[in-house]
Amino acid sequence: MNARYAIGLIVVGFGCAGSTPSASGPPPSEPLASAEAPAPVAPAPPAPLPTTPAAEPAATASVPKLAPPETPDAIKAPSTANLVLKADAKGAQIYVCGKKKEPKAKFEWTLKAPDATLSDEAGKPLGKHYGGPTWEAADGSKVVGAMKAKVDAPDTTAIPWLLLEIKSTEGQGVLSHVAWIQRVQTVGGKAPADGCDKAHDGAEARVDYSATYYFYANP
């Protein structure tokens, strides 16, 4: 082979080699790996509801037991009787002027009837007290009493303290079973000291008074 032919082959070889793509080029780009998704967060458990301690039952208000008043023995209720009601009375004792039985020439004030309202210690109305003598409760029950014994009041300007025995009962209610009544702690109520004479025959006088009544039932 002559030298010119050999050089041509070399040139052709270089030309072919240059046109062949290089296998060592950069690799095709790969898609970027996606960012790792955060792990799901479990929902927090609901906060426990505040518990309210069970309410303790309210203490039952103690109701003081009625106690009989201190009185002279003469007007004490029978020991077997049960005290069932206490009532404060406020009103008047009504007197009428008339002739005395003996001597007939003289005049005097005599009790005609009481006229009073009855209430408890808090002032709540309980009933009324009027002629008979009658005690009538707000529920319609009523009793009529008859004097069994009396003693002078500690206050000399007040009407006597009494023990009365029930002689009749009417209606159903707080007074239905009452058998005895005491009148104590009296204030005022005495008959006028004067003003009753022939010129005032038949006249009436109202004298303010107050008292406490205790009602007892037999067992």
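Below or above, wherever it landed, is the structure these notes cover. No experiment lies behind these values; they were computed from the predicted model shown. (Residues numbered from 1 in each chain as written. Predicted model: local features only at pLDDT ≥ 70, side-chain atom pairs only at ≥ 80, totals over all residues. Heavy atoms only, no water.)

1. What about the overall build of the protein?
What counts here: Under the DSSP-based scheme used, a helix requires at least four consecutive residues in state H or I and a strand at least two consecutive residues in state E, with every element numbered from the N terminus. Contacts are assigned to residue pairs with any non-hydrogen atoms lying within 4.5 Å of each other. Each accessible area is a Shrake-Rupley result for a 1.4 Å probe, and residues are judged covered by the shown protein chains and nothing else.
Scanning the protein for helices and strands turns up one helix and eight strands. Taken from N to C terminus, the helices and strands of the protein fall in the order α-β-β-β-β-β-β-β-β. Partitioning the intrachain contacts of the protein with sequence separation of at least 6 by distance along the chain shows that 61% fall at a separation of at least 24. Accessible surface, the protein: about 15400 Å² in total, of which carbon and sulfur atoms supply 59%.

2. Observations regarding the pattern of salt bridges
The test is simple: Just to be clear on terms, a salt bridge is a Lys or Arg side-chain nitrogen sitting within 4 Å of an Asp or Glu carboxyl oxygen. Burial status follows relative accessibility: with a 1.4 Å probe on protein chains alone, a residue under 20% of its type maximum counts as buried, one over 50% as exposed, and anything between as partly exposed.
Here the structure, examined in full by the defined rule, presents five salt bridges. Put simply, Arg206 and Asp115 hold a salt bridge, and the shortest N to O gap is 3.1 Å. Highlighted residues: Arg206 in strand S8 (residues 204–217) and Asp115 in strand S2 (residues 107–119), separated in sequence by 91 residues. The residue Glu136 makes a salt bridge to Lys142 at a minimum N-O spacing of 3.7 Å. Under the relative-accessibility criterion, Glu136 is labelled buried at 17%.

3. With respect to the nonpolar core
Heads up, the condition is: Only buried residues count toward a nonpolar core. Its members are Ala, Val, Leu, Ile, Met, Phe, Trp, Tyr and Cys residues joined through side-chain atoms within 4.5 Å.
Core analysis: the largest hydrophobic core is formed by 26 residues, its most contacted members being Trp135, Leu175, Ile181, Tyr213 and Phe215. At the level of elements, strand S1 (82–99), S2, strand S4 (134–137), strand S6 (161–170), strand S7 (178–188) and S8 are the ones that each hand at least two residues to this core. When residues no more than four places from it in sequence are discounted, the contact partners of Leu175 are Leu85, Trp135, Glu136, Ala137, Ser141, Lys142, Val143, Thr169 and Phe215.

4. Some details on the packing of aromatic side chains
Selection criterion: What counts as a ring pair is set by centres within 6.5 Å for rings of Phe, Tyr and Trp (its six-membered ring), and what kind of pair is set by the plane angle: stacked under 30 degrees, edge-to-face over 60, tilted for all other angles.
If you walk through the whole model with that rule in mind, you get one aromatic pair. Taken together, a centroid distance of 5.6 Å and an interplanar angle of 70° make the contact between Trp135 and Tyr213 edge-to-face. Pair noted here: Trp135 is in strand S4 and Tyr213 is in strand S8, with a separation of 78 residues, a long-range link. Taken individually, Trp135 and Tyr213 each receive the classification buried, so the pair is uniform in this respect.

5. Regarding the state of the cysteines
Structurally, a disulfide amounts to a covalent bond that connects the sulfur atoms of two cysteines. The cut-off we apply is this: Note on disulfides: each one is a pair of cysteine sulfur atoms within 2.5 Å.
In this structure the tally under the stated criterion is one disulfide. The disulfide partner of Cys97 is Cys196, and the S-S distance across this bridge is 2.0 Å. Handedness of the Cys97-Cys196 disulfide follows from its S-S torsion of about 90°: it is right-handed. Note that Cys97 is positioned in strand S1 and Cys196 in the loop between S7 and S8, a separation of 99 residues in sequence. Judged by its relative accessible area of 2%, Cys97 falls in the buried class. Given the relative accessible area of 14%, Cys196 is considered buried.

6. Examining the environment of Leu162
Residue position: Leu162 is located in strand S6. The spacing of Leu162 and Lys148 is 14 residues in sequence and 7.5 Å in space, taken between C-alpha atoms. Apart from residues no more than four positions distant in its own chain, Leu162 is found in contact with Ile75, Met147, Ala149, Lys150, Ile181, Gln182 and Arg183.

7. Structural notes on the sheet that holds S8
Under the convention used in this document: The rule for pairing is simple: two strands pair if DSSP sees at least two bridges between them. Helix axes use the C-alpha atoms of the stretch in contact, all axes being lines fitted to C-alpha atoms, and the angles between their N-to-C directions lie in the range 0 to 180 degrees.
Here eight strands make up a closed barrel; going around it, the order is S1-S2-S3-S4-S5-S6-S7-S8 and the pairing antiparallel. Pairs of neighbouring strands in the sheet enclose a mean axial angle of 30°, with direction left out of account. When S1 meets S8, the two strands line up antiparallel, connected through 14 bridges. Among the inter-strand pairings, Ala87 is bridged to a residue of S8, identified as Tyr213.

8. A word on the side chain of Gln93
Within the element layout of this structure, Gln93 appears in strand S1. With near-sequence residues (within four places) excluded, Gln93 lies in contact with Leu111, Ala113, Pro114, Ile159, Arg183, Gly189, Ala205, Arg206, Val207 and Tyr209.

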